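Residues per chain, in single letters:
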Number of protein chains: 2
Amino acid sequence: MTHSPNLSLYVTPPGSKATSRDEQIVRELLQAIVDRRLRPGTRLPEDSLGEAFKVSRTTIRKALQKLAQQRLVSMEHNRGARVAQPGRKEAADVFKARRLIEVALIPAVYENRHSDAYKELHDLVAQEKAAHREGKFQEEVQLSARFHVQLAVATGNLILGEQVAQLTSLSSLIISLYGTSSSVGCDCGEHTELLKLIESNQVAEAQTWMDHHLDAIYQTINTTQDSGDDVDFKSMFSA
Amino acid sequence: MTHSPNLSLYVTPPGSKATSRDEQIVRELLQAIVDRRLRPGTRLPEDSLGEAFKVSRTTIRKALQKLAQQRLVSMEHNRGARVAQPGRKEAADVFKARRLIEVALIPAVYENRHSDAYKELHDLVAQEKAAHREGKFQEEVQLSARFHVQLAVATGNLILGEQVAQLTSLSSLIISLYGTSSSVGCDCGEHTELLKLIESNQVAEAQTWMDHHLDAIYQTINTTQDSGDDVDFKSMFSA
DNA sequence: GTATACACGATTGTATCCAATCCTGATATT
DNA sequence: AATATCAGGATTGGATACAATCGTGTATAC
């Protein structure tokens, strides 16, 4: 039903619909950005990307535009697109917004705790722990993000799900900019706590837990580190 | 700084930047939709629009795409674009999301109650009352929406401002679909109450006020039947 | 040696073009 | 009479072409 490429990155609805070519590209670029294979500030020329994906600039532009509207890439007039570099203020705003929303949606998750969407959370935690044990760092980060998105989806509210998905993607980008290795490691494996609190009817405690959880992630964003090397898109997206 | 056409509809930052042609079109269409001059379900053929705005289809497509990502227009493959017709579920989700977010952001507004953005709220209320006295109905509705967006902006968080702006635009569309004249009239002129509560440090009361306020709007659309010339059979016969 | 002016290359912005798809109406068949 | 089939027109999807703009590098003037 929904056509949000951002949400579809995290949740894979059973009926996988026929995604158009440009949405596939959106997803691949999105994945590359949150995986930190495309660093903030990286230029995204339409020609090279079109060549890499074997489509014309028209399709690439459509994809870049969608990403731009999510603030994941920035487009300046006559200067092209590049992976966004949110300022410190914007970074703070993203995390504040996440705290505000994700804390507030917990009661709704509690209401829906018997839904299928909620059960999915346990699977995600299990996968997350497995990835942690096996040292699959990249995968663990990915699963951690998916957990937060799934929590929003578990309210049964798709609009909220999309909003949180967008904020989560932005968070990955921000951590890629300002974060250290501890930024992503700090929240490993403790998501079980939250589920326990919810299932034992401790909604208020679950909310404070989430508040601290997100604050902890935000606090780790302190040191700057910039990058800006050109990337070989062909080898990255070799069809 | 920000490039959100949706937010720019409501707040006019002092430095009005050079907006590109397609963003002007986005704004005009957006305005037409929330003003109910373009009813839900109205087809939006690229040729006619291009002719009307005196640009090529390329530019129109870009504009339509941006609106589609905001869920204000729906685009089906090879079937073109039309003004969105959110189903009852989606409509409910939008208002639930608004309640959740707008209630939760009130403490942040309280913190920022000495900012310029907050002072703007008083101006809006004054204009709103003036419009009500003079019977300028359309304008009053517009100002009511701007108040809610400005409230989010008054948190100092632009990300939240955009989120709320998007939800507010969608609300206008939904009211246009399912609402009656009472839907928009019910909240007239009472925004002063909220400001009073905030300024007298009654944050919790302000929150319950907002909760009831948004619930009241939602209830008017929840009970009424479909309006408009062409009927939304999907929501009527619940697919 | 420094700074300004200009020209060239690269990249984006917009328009137009052609193929693919869908809807409508008409015709044919049972 | 009802359903199925098929052609025509209209509209979109995607690629290409041309114009506009920006950045860079070089040359020239002081």
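Residue positions are given per chain, counted from 1 along the sequence in the order it is written. Each chain gets a letter, beginning with A, and each ligand a number, beginning with 1, in the order they are written. Per-residue local features are limited, in this predicted model, to residues with pLDDT of at least 70; the limit for side-chain atom pairs, both in listing and counting, is 80 or more; totals at the level of whole chains, interfaces and linings are taken over all residues. Side-chain numbers come from the whole structure's heavy atoms, not from hydrogens or water.

**Side note on the sheet that holds strand β2 (residues 73-76) of chain A**
Residues and elements named next belong to chain A. For two strands to be treated as a pair, DSSP must find no fewer than two bridges joining them. Secondary structure elements are taken from DSSP: a helix is a run of H or I of four residues or more, a strand is a run of E of two residues or more, and numbering for both begins at the N terminus. What the three strands build is an open sheet, ordered β1-β3-β2; its pairing is antiparallel. A strand with exactly one partner marks an edge of an open sheet, and here the two such strands are β1 (43-44) and β2. Looking at chain direction, β2 and strand β3 (residues 80-83) are connected through four bridges and run antiparallel. Following the sheet pairing, Val73 is matched in β3 by Val83.

**Notes on unusual backbone geometry**
A positive phi angle is found at Asn78 of chain A, which is not glycine, with a value near 60 degrees. Following the sequence through the fold, Asn78 of chain A ends up in the loop between β2 and β3. At Asn201 of chain B, a residue that is not glycine, the phi angle is positive and equals roughly 65 degrees. Mapping Asn201 of chain B onto the fold places it in the loop between α11 (191-199) and α12 (203-223). Since its relative accessible area comes to 49%, Asn201 of chain B is described here as partly exposed. Think of it in three bands: residues with accessible area under 20% of the maximum for their type are buried, residues over 50% are exposed, and the middle band is partly exposed, with areas taken using a 1.4 Å probe on protein chains only.

**What about the confidence of the model for chain A?**
Fine structural detail should not be taken from predicted coordinates in areas where pLDDT scores are low. When pLDDT is averaged across chain A, the result is 87; 85% of the residues are at 70 or more. Residue-level confidence of the predictor is summarised by pLDDT, bounded by 0 at the bottom and 100 at the top. Contact criterion: two residues are considered in contact whenever any of their non-hydrogen atoms come within 4.5 Å of each other. In this model residues 223-230 of chain A is a low-confidence stretch, pLDDT under 50, and it forms twelve contacts with partners more than four residues away in sequence or in other chains.

**Overview of the relation of the copies chain B and chain A**
Two copies of a chain can be linked by a rotation about an axis combined with a shift along that same axis. Copies overlap after least-squares fitting; the atoms used are the C-alpha atoms of residues with pLDDT of at least 70 in both. In the superposition of chain B on chain A (RMSD 0.1 Å, axial shift 0.1 Å), the rotation amounts to 180 degrees. Given the turn and translation reported, the copies of this chain are related as if by a two-fold rotation axis. Taking C-alpha positions as reference, the residue of chain B nearest the rotation axis is Ile101 of chain B, located at 3.1 Å. Taken together, the interface assignments show that 100% of the residues at the interface of chain B recur at the interface of chain A, consistent with an identical surface on both copies.

**Looking at the protein's contact with DNA strand D**
For this description, a residue counts as near a given molecule or strand if any of its non-hydrogen atoms is within 4 Å of it. The environment of DNA strand D is made up of 14 residues, and the closest members are Ser56, Thr58, Thr59, Asn78 and Arg79 of chain A. The sugar-phosphate portion of DNA strand D accounts for 68% of its atoms within 4 Å of the protein, the bases making up the rest. Any pair of N or O atoms that falls within 3.5 Å is considered a polar contact. Within protein, one atom must be able to donate a hydrogen and the other to accept it, and sequence-neighbouring residues count only if both atoms are side-chain atoms. In the model, a phosphate oxygen of DNA strand D is placed 3.4 Å from a nitrogen or oxygen of the Glu46 of chain B main chain. Measuring from a base nitrogen of DNA strand D, one finds a side-chain N or O atom of Arg57 of chain B at 3.1 Å. Only α4 (57-69) of chain A together with α4 (57-69) of chain B provide two or more residues apiece to the surface near DNA strand D. Three classes are used, and their members are as follows: Ala, Val, Leu, Ile, Met, Phe, Trp, Tyr, Cys and Pro are nonpolar, Asp, Glu, Lys and Arg are charged, and the others, Gly among them, are polar. Among the residues making up the surface near DNA strand D, the classes are represented as one nonpolar, six polar and seven charged.

**Section: the packing of aromatic side chains**
Residues and elements named next belong to chain B. Two rings from Phe, Tyr or Trp (for Trp, the six-membered ring) form a pair when their centres are within 6.5 Å of each other. A pair whose planes differ by under 30 degrees is stacked, one over 60 is edge-to-face, and the rest are tilted. The full count for this structure, using the stated rule, is two aromatic pairs over all chains. Plain terms: the ring middles of Phe95 and Tyr218 are 5.7 Å apart, the flat faces sit at 35 degrees to each other, and that makes the pair tilted. Remark: Tyr218 occurs in helix α12 and Phe95 occurs in helix α5 (residues 88-104); sequence separation between them is 123 residues. In this pair, the class of Phe95 matches that of Tyr218, namely buried. Whether a charge lies above a ring is judged from NZ of Lys or CZ of Arg, which has to be within 6 Å of the ring centre and within 35 degrees of the ring normal. Directly above the aromatic system of Tyr110 lies the positively charged group of Arg113, at a separation of 4.0 Å from the ring centroid.

**Remarks on the pattern of salt bridges**
Here, a salt bridge means any side-chain nitrogen of Lys or Arg that lies within 4 Å of a carboxyl oxygen of Asp or Glu. The tally for this structure, following the rule as stated, stands at 28 salt bridges over all chains. A salt bridge links Arg79 of chain A to Glu76 of chain A; the shortest N-O distance between them is 3.5 Å. With relative accessibility at 56%, the residue Arg79 of chain A sits in the exposed group. In this structure, Asp22 of chain B and Lys62 of chain B form a salt bridge, with 4.0 Å as the shortest nitrogen-oxygen distance. You can see Asp22 of chain B sitting in helix α2 (residues 21-34) and its partner Lys62 of chain B sitting in helix α4, a full 40 residues away along the chain. Residue classification places Asp22 of chain B among the buried positions, given a relative accessible area of 6%. On the basis of relative accessible area, Lys62 of chain B is assigned to the partly exposed category, the value being 22%.

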